[in-house]
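# Structural description and commentary
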Amino acid sequence: MPTNAGRRALNSGCPGSSASEVAPAPKPVSGASVGPPVPLEVLRGKRAALYFAAVAIVLGLPLWWKTTETYRAPLPYSQISGLNALQLRLMVPVTVVFTRESVPLDDQEKLPFTVVHEREIPLKYKMKIKCRFQKAYRKALDHEEEALSLGSVQEAEAMLAEPQEQAEGSLTVYVISEHSSLLPQDMMSYIGPKRTAVVRGIMHREAFNIVGHRLIQVAQAMSLTKDVLAAALADHLPEDKWSSDKRRPLKSSLGYEITFSLLNPDPKSHDVHWDIEGAVQRYVQPFLNALSAAGNFSVDSQILYYAALGVNPRFDPASSSYYLAMHSLPHVINPVESRLGSSTASLYPVLNFLLYVPELAHTPLYIQDKDGAPVATNAFHSPRWGGIMVYNVDPKAYNVSELPVRVEVDMVRVMEVFLAQLRLLFGIAQPQLPPKCLLSGPNGEGLMTWELDRLLWARSVENLATATTTLTSLAQLLGKISNIVIKDDVASEVYRAVAAVQKAAEELASGHLASAFVSSQEAVTSSERAFFDPSLLHLLYFPDDQKFAIYIPLFLPMAVPILLSLVKIFLETHKSWKKPEKID
């Protein structure tokens, strides 16, 4: 039986009861949702996260990018790439002077006029080189006719000497009668010590063509040939017959240091005396003064005692003498070079000329060539290093005096050898003369004027090739490694080098050899100064992996909370935008 409490509970759930009724819960309306209000602290957190993210992205990231970027000044990459296709035109101005009976009268009436002869020098090099001879034909003046009618060519040259020297790189060729006694009858041309030459004319209807062919042969011998340019570009040409060690002269430089050394390995037996100071003043200094346009020179000397060659000579029983075979000569230089000590503190190339007086136990000592015959000069030279001469003491000196024997060095004989080696080291070799051509000997300076011009031609081409290669390598390096800083001073040197190369090419095409050589030197100096600038060292800057290793510990603790807050805000916002499902 139910109790009273149970009845009240049952009655309260029945309709029509007297107890107070509970209102039914409202039904949810389809398409609408009303959530609880968002606390103020949550809104503040969301706003703070958004503000931090905005500041980091809008302000912090660009500021960090700008302050950590690598400064790279703009460079003329297009102009540098264009230097590889540069075509050099080397113009040689040639003034051709015709005497009265050198060519037929009909041809003389055509004077003056100009003829241009251009040819390409075949070299396996990316830079095309063309040689252009601009021949200006004219009649001889009265004083020139008088000088060329003298009995000898030396007298004519003395009379034709003008008070004002000719421009560097220019030539003057005098065409004389084919029956003139100015030259020996068996000679067709003559090359003098200055920038002048003499060629025989001919009475023929094709006189200009025949004489013009002779003129080109003489002008090429006095200016530019394939061998001269190939020797100058030996470092830039593929390894072939032109770039052998025997054909490599000294590289172009702003200065050179020349050291004369006397090696006395046996001072107990030989008391050697040499007047090196007087010999330099009489023989070497005039040659260097004539060569001063190619660079600056400094000369010093030293005497080294107990300095042996480092190679044991072999004894020849047939001649009772000692000899050094040709294959052992390269082993002579290294032991001696360590004693010289001149190249360690020098900024310029050093030329070493060694006079070696062999010890008494190895006297006399001779140098043999590849055929086993003694070398006439008893000397040899090494390309781009210098030369060594062996000076034997007269055997009669040992019979008339006690040890040590006083030895007076014949400096004339020694300097003849050293000057010949010095010419070879600078690439000043004998020209390839045309048939029946008489070559004058050098003057007291030991250097003919047109030989200096030929050296400047070669040095100018070499400098342009070196500057072009340096600039191209620098542009490739900077383009490949993007985190190398390019400062403004480096960029200015590059611009200066490019401008100097272009100016030198223009001056060469105009026949201005002196200014072209100066511009080519400036191009090499500026290009190497830019290439070897210390700021371009890649090891001074951090690579990308080291940068990340530094920045991640700094930015990661700050970035993680901001990123997590942004992700949370995004998810909540996305959830609030999502429409709830309809409930019936």
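Bear in mind the structure is a predicted one, so any value in this text is a computation, not a measurement. (Residues numbered from 1 in each chain as written. Predicted model: local features only at pLDDT ≥ 70, side-chain atom pairs only at ≥ 80, totals over all residues. Heavy atoms only, no water.)

### Structural notes on the overall build of the protein chain
Operational definition: Helix numbering and strand numbering both begin at the N terminus, where a helix is a DSSP run of H or I of at least 4 residues and a strand a DSSP run of E of at least 2. Accessibility here uses a 1.4 Å probe with only protein chains present; expressed as a share of the type maximum, an area under 20% marks a residue as buried, one over 50% as exposed, and anything in between as partly exposed. Any two residues having at least one pair of non-hydrogen atoms within 4.5 Å are treated as being in contact. In short, Shrake-Rupley with a 1.4 Å probe defines the accessible areas, and a residue's cover is counted only from the protein chains shown.
Scanning the protein chain from N- to C-terminus turns up 16 helices and 17 strands. The burial tally for the protein chain puts 43% of its 584 residues in the buried class. Considering only intrachain contacts with a sequence separation of at least 6, the fraction spanning at least 24 residues in the protein chain is 77%. Of the roughly 32,700 Å² of accessible surface on the protein chain, a fraction of 58% belongs to carbon and sulfur atoms.

### Let's talk about the UniProt feature "transmembrane region" (unreviewed entry) in the protein chain
Heads up, the condition is: UniProt positions are given in the numbering used here, feature names are shortened, and annotations may be inferred rather than shown by experiment.
If you check UniProt for "transmembrane region" (unreviewed entry), the listed places come out as residues 48–65 and 548–571 in our numbering. Secondary structure content for residues 48–65 is 100% helix and 0% strand, while the C-alpha to C-alpha distance between its ends is 24 Å. From the first C-alpha to the last, residues 548–571 spans 30 Å; its make-up is 100% helix and 0% strand.

### Focus on the pattern of salt bridges
Going by this rule: When a carboxyl oxygen of Asp or Glu is within 4 Å of a side-chain nitrogen of Lys or Arg, the pair counts as a salt bridge.
A full pass over the atoms with the stated rule returns 10 salt bridges. The closest approach of N and O atoms between Arg-100 and Glu-145, which form a salt bridge, is 3.5 Å. With Arg-100 in the loop between β1 (87–98) and α4 (105–108) and Glu-145 in helix α5 (residues 142–148), this pair connects stretches of sequence that are 45 residues apart. Taking relative accessible area as the criterion, Arg-100 reaches 54% and is therefore assigned exposed. Residue Glu-145 is classed as buried on the basis of its relative accessible area, which comes to 13%. Here Glu-462 ties to Arg-459 by a salt bridge, and the two come within 3.4 Å at their closest N and O atoms. Placement of both Glu-462 and Arg-459 in helix α13 (residues 449–480) is noted, with a separation of 3 residues, approximately one turn of the helix. For the pair Glu-462 and Arg-459, a shared accessibility class is recorded, and that class is buried.

### Side note on α13
Note the cut-off: Expected span, for any helix, means 1.5 Å times one less than how many residues it has.
Compared with an ideal rise of 1.5 Å per residue, which puts 32 residues at 46 Å, α13 spans 47 Å between its outermost C-alpha atoms and is within 8% of the ideal. Here α13 lies mainly inside the structure; 26 of its 32 residues are buried.

### Side note on the sheet that holds strand β10 (residues 314–316)
Note the following rule: Here, a strand pair is defined by DSSP locating no fewer than two bridges between the strands. Orientation is described by axes fitted as lines to C-alpha atoms, over the contacting stretch for helices, and by angles from 0 to 180 degrees between their N-to-C directions.
Read across the open sheet, the 3 strands follow the order β10-β11-β13; overall the sheet is mixed. Each end of this open sheet is capped by a strand with a single partner; those strands are β10 and β13 (365–367). The average angle at which neighbouring strand axes cross in this sheet is 40°, direction not considered. Across 3 bridges, strand β11 (residues 321–324) lies against β13 in parallel orientation. Directly across from Tyr-323, in β13, lies its bridge partner Tyr-366.

### With respect to the sheet that holds strand β15 (residues 386–390)
The strand order across the open sheet formed by 5 strands is β9-β7-β12-β15-β14, and the pairing between neighbours is mixed. The open sheet has two edge strands with one neighbour each: β9 (296–305) and β14 (379–382). Pairs of neighbouring strands in the sheet enclose a mean axial angle of 15°, with direction left out of account. When β14 meets β15, the two strands line up antiparallel, connected through 4 bridges. Residue Phe-380 lies in a different strand from β15, and its bridge partner there is Ile-388. Most of the contacts of helix α10 (residues 330–340) go to β9, to which it runs at about 100°, and overall it touches β7 (255–264), β9, β12 (350–356), β14 and β15.

### Observations concerning the layout of surface pockets
Put simply, the rule reads: A 1.4 Å probe that fits into a set of points on a 1 Å grid over the protein atoms alone but cannot get out defines a cavity; an open set with protein on both sides within 12 Å along at least five of seven lines defines a pocket, and lining residues are those with an atom within 4 Å of a point. Grid points are joined across faces, edges and corners, and a volume is the space filled by probe spheres set on the points.
When its volume is computed, the second largest pocket comes out at roughly 890 Å³. The wall of the second largest pocket is formed by 26 residues, among which Leu-61, Trp-64, Trp-65, Tyr-551 and Phe-555 lie closest to the centre. Of all the secondary-structure elements, those providing two or more residues to the lining of the second largest pocket are α2 (40–68) and α16 (544–577). Residue contributions to the lining of the second largest pocket peak at 12 residues, all from α16.

### Quick look at helix α15 (residues 513–531)
In this model α15 runs 27 Å from its N-terminal to its C-terminal C-alpha over 19 residues, within 8% of the 27 Å that 1.5 Å per residue would give. For α15, the full list of buried residues reads Leu-513, Ala-516, Phe-517, Ser-519, Ser-520, Gln-521, Ala-523, Val-524, Ser-526, Ser-527 and Ala-530. Contacts made by the buried residues of α15 are with α13 and α14 (488–510).

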